[in-house]
Amino acid sequence: MVRSCERVAQHQIASGRFFIIENPPSSRIWYSTPFQRLQQNSGVTWDTLHMCSFGMRDPDGYFYFKATSLLHDMRPDVLAPVFRQCKGTSSTHQHQYLIGSAPGHGSRAKLAQLYPYRFCQTLRLSGQLSWQNFPGAFRIVGGRPFGVPYSSGATGPCCHSG
């Protein structure tokens, strides 16, 4: 799987297109040989965001911190709006650990697998900016351009509007 991701990303780079790879910051994938090679390419960089800053919440209303790293080859200013950091807990911003289950909703870890709608919107808008500035650098995969609403109201199979 790691080598496949590297091959796709290297193909995107060689074709003058972009890629984004997502994983937790603590993932061992970042230290694998294929990803170390990938990071040696000019323009390839990464940063970390916190999903709570996009409104990711437990059904009880507590925020899911969920740190997420993105490795990409887009201009840093294009993706800058995506890399929001948590400003810390307060009386109105409390974190819920991603362990156990949310009564009546299931596993918290499973619930946190869906990207918050605001994250998807921010990523989509960043992608649109790149699409406008670099025509031909993106390819539609699966027959549906990123950002076109699905019947559920989400912007893609990975996002929810809750």
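Residues numbered from 1 in each chain as written. Predicted model: local features only at pLDDT ≥ 70, side-chain atom pairs only at ≥ 80, totals over all residues. Heavy atoms only, no water.

1. Some thoughts on the sheet that holds strand E3 (residues 67-72)
Sheet strands pair by backbone hydrogen bonding; their relative direction is either parallel or antiparallel. To keep things clear, this is the line we draw: Any two strands with at least two DSSP-identified bridges between them are counted as paired. Put simply, DSSP marks the helices as runs of H or I at least four residues long and the strands as runs of E at least two long, and each gets a number from the N terminus on. Whenever a helix is involved, its axis is fitted only over the stretch in contact; in every case the axis is a line through C-alpha atoms, and angles between N-to-C directions fall within 0 to 180 degrees.
Read across the open sheet, the 3 strands follow the order E1-E3-E2; overall the sheet is antiparallel. Looking at the sheet topology across the chains shown, the edges are occupied by strand E1 (20-23) and strand E2 (45-50). Here the strands of the sheet are splayed against their neighbours by 25° on average, with no regard to which way each runs.

2. Quick notes on the pattern of salt bridges
Operational definition: In what follows, salt bridge is the name for a side-chain nitrogen of Lys or Arg lying within 4 Å of a carboxyl oxygen of Asp or Glu.
A complete count under the given rule lists 3 salt bridges for this structure. Between Glu6 and Arg37 there is a salt bridge; the shortest N-O distance is 2.9 Å. Here Arg37 lies in helix H2 (residues 33-38) and Glu6 lies in helix H1 (residues 2-14), a separation of 31 residues in the sequence. Notably, a salt bridge pairs Arg108 with Asp58, separated by 2.8 Å at the nearest N-O pair.

3. Details of the side chain of Ser69
Just so we agree on the cut-off: Any pair of N or O atoms that falls within 3.5 Å is considered a polar contact. Within protein, one atom must be able to donate a hydrogen and the other to accept it, and sequence-neighbouring residues count only if both atoms are side-chain atoms. Any two residues whose heavy atoms approach within 4.5 Å are treated as being in contact.
Considering the arrangement of structural elements, one finds Ser69 in strand E3. Here Thr48 takes part through its side chain, which lies 2.7 Å from a polar atom of the side chain of Ser69. Ignoring any residue separated from it by four or fewer positions in sequence, one finds Ser69 in contact with Ile21, Glu22, Asn23, Pro24, Pro25, Trp30, Trp46, Asp47 and Thr48.

4. Quick look at the state of the cysteines
Note the cut-off: For this text, the term disulfide refers to a pair of cysteine sulfurs within 2.5 Å.
Enumeration according to the criterion identifies 0 disulfides in this entry. Cysteine Cys86 remains unbridged, with the sulfur of Cys52 as its closest cysteine sulfur at 3.6 Å.

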